[in-house]
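Each chain, written out:
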Amino acid sequence: MSFKILIVDDEKNIVDVLSSELTREGYQVRAAFDGIQALEAIDKEIPDLIILDCMLPGIDGLDVCRRVRQKHQMPIIMLTAKSEEIDKVLGLELGADDYITKPFSLREVLARVKASLRRSNLGEMEANDSRVMVFGDVEIDSDCYEVRRNGVNLHLTLREFELVRFLATNAGQVFSREDLLCKVWGYEYYGDVRTVDVTIRRTREKLEDGQGDYRYIMTKRGVGYFFEKNPKVD
């Protein structure tokens, strides 16, 4: 299967280098150079993955990310400059799956792309994965790639779903941020671990009931996160 990748960046040299390398790896590559072109290409092409620069003319990358997440669940890897720390967090908050800091190595980009596509392949299921897991009033449905609470779909992104499913499959076991980056994001991570913290926070906002105490994704202070085996249900 040849995956389709959309590269969105207003710097033509970056698009050319990434396009050349990804094409050499066997991917179908499309390009857009501003936010408007990106949104048009996404609706027309429905790419399997988007590499999206934060700083774009017209509609910026963060707004593109937000709009894409209203309709699509394909992985989004944000490109950010080192000085744009706030954009990294904002991108993750808006639904991006990962980010790469400029300047970047092609080896790192390829590793992130391969890992994201591997995790987004909906046909890839672990042999011991239960199709539907139930914890209190939450159902984790691997057939539909949905998490439901009291029968209502919580509309998690693919990365959020993968995170919940992995933790729930190993309920009660504590995982460090580095462990989760390896197991859920699918590669040895080079950068900081805020990616996990932001994704956990975003997932909790959808999964928990907003009453204050967490019932599902729990924190082991100084160690990491785990999924509660027996969540309290009102």
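Quick caveat: nothing in here was measured; it's all calculated off a predicted structure.

**Points about the nonpolar core**
For soluble globular proteins, nonpolar side chains are generally found buried alongside one another.
So, step 1. With 28 residues, the main nonpolar core has Ile140, Val147, Leu167, Leu180, Leu207 and Phe227 as its most contacted residues.
So, step 2. Breaking this core down by element, the ones donating at least two residues are β6 (132-135), β7 (138-141), α6 (158-169), α7 (177-185), α8 (194-207) and β11 (224-227).
So, step 3. Of all the elements, α6 adds the most residues to this core, at 7 residues.
So, step 4. Membership of the second largest hydrophobic core comes to 23 residues, among which are Leu62, Val64, Met78 and Ala96.

**Description of helix α3 (residues 61-69)**
So, step 1. In terms of residue burial, α3 counts as a mostly covered element, since 7 of its 9 residues are buried.
So, step 2. One side-chain oxygen of the residue at the start of α3 lies 3.2 Å from the amide nitrogen of Leu62, identifying that residue as Asp60.

**Points about the packing of α7 against α8**
So, step 1. The geometry of α7 relative to α8 is characterised by a closest axis approach of 9 Å and an angle of 75° between their N-to-C directions. Taken together, the axes of α7 and α8 lie roughly perpendicular to each other. Listed contacts from α8 to Arg177, Leu180, Leu181 and Trp185 of α7 are Thr195, Val196, Asp197 and Thr199.
So, step 2. Considered class by class, the residues forming the contact of α7 with α8 number 4 nonpolar, 2 polar and 2 charged.

**What to know about empty space enclosed by the protein**
So, step 1. Per the counting criterion, the structure on display carries 1 cavity of 30 Å³ or more.
So, step 2. In this model, the largest cavity occupies a volume close to 40 Å³.
So, step 3. Every residue along the wall of the largest cavity is listed here: Gln73, Pro75, Asp97, Ser116, Arg119, Leu158, Arg159 and Glu162.
So, step 4. If you list the elements that add at least two residues to the lining of the largest cavity, you get α5 (106-120) and α6.

**Describing unusual backbone geometry**
So, step 1. With an omega of -10°, the peptide bond running from Lys102 to Pro103 counts as cis.
So, step 2. Summarising the element assignment, Pro103 is placed in the loop between β5 (98-102) and α5.
So, step 3. The backbone of Ile46 sits at a positive phi, close to 50°, despite the residue not being glycine.
So, step 4. Looking at where Ile46 falls in the secondary structure, it is placed in the loop between α2 (35-45) and β3 (49-53).
So, step 5. Residue Asn150 is not a glycine yet carries a positive backbone phi of 55°.
So, step 6. Structurally, Asn150 can be placed in the loop between β8 (146-149) and β9 (152-153).
So, step 7. A relative accessible area of 60% means that Asn150 is categorised as exposed.

**Some thoughts on the pattern of salt bridges**
So, step 1. Taken as a whole and assessed by the stated rule, the structure comprises 25 salt bridges.
So, step 2. The partner of Arg131 in a salt bridge is Asp143, and the shortest N-O contact between them spans 2.5 Å. Taken together, the residues span a long stretch of sequence, with Arg131 in the loop between α5 and β6 and Asp143 in the loop between β7 and β8 at a distance of 12 residues.

**With respect to the sheet that holds β3**
So, step 1. Overall, parallel pairing links the 5 strands, which are arranged β2-β1-β3-β4-β5 in an open sheet. Either end of the sheet is taken by a strand with one partner, and the two such strands are β2 (28-32) and β5. Adjacent strand axes in the sheet meet at a mean angle of 20°, parallel and antiparallel pairs treated alike.
So, step 2. When strand β1 (residues 4-8) meets β3, the two strands line up parallel, connected through 4 bridges. Bridging across to β3, Val8 finds its partner in Leu52.

Cut-offs used in this document
- Residues numbered from 1 in each chain as written.
- Predicted model: local features only at pLDDT ≥ 70, side-chain atom pairs only at ≥ 80, totals over all residues.
- Heavy atoms only, no water.
- Core = buried A, V, L, I, M, F, W, Y, C linked by side-chain atoms within 4.5 Å.
- Buried < 20%, exposed > 50% of the residue type's maximum accessible area, 1.4 Å probe, protein only.
- Helix = DSSP H or I, 4+ residues; strand = E, 2+ residues; numbered from the N terminus.
- Polar contact = N/O pair within 3.5 Å; in protein donor to acceptor, adjacent residues only side chain to side chain.
- Axes fitted to C-alpha atoms, helices over the stretch in contact; angles between N-to-C directions.
- Parallel < 35°, antiparallel > 145°, perpendicular 65-115°, else oblique.
- Contact = heavy atoms within 4.5 Å.
- Nonpolar A, V, L, I, M, F, W, Y, C, P; charged D, E, K, R; others polar.
- 1 Å grid on protein atoms, 1.4 Å probe; cavity = no way out; pocket = protein on both sides within 12 Å on 5 of 7 lines; lining within 4 Å.
- Points joined across faces, edges and corners; volume = space filled by probe spheres on them.
- Salt bridge = Lys/Arg side-chain N within 4 Å of Asp/Glu carboxyl O.
- Pairing = 2+ DSSP bridges.

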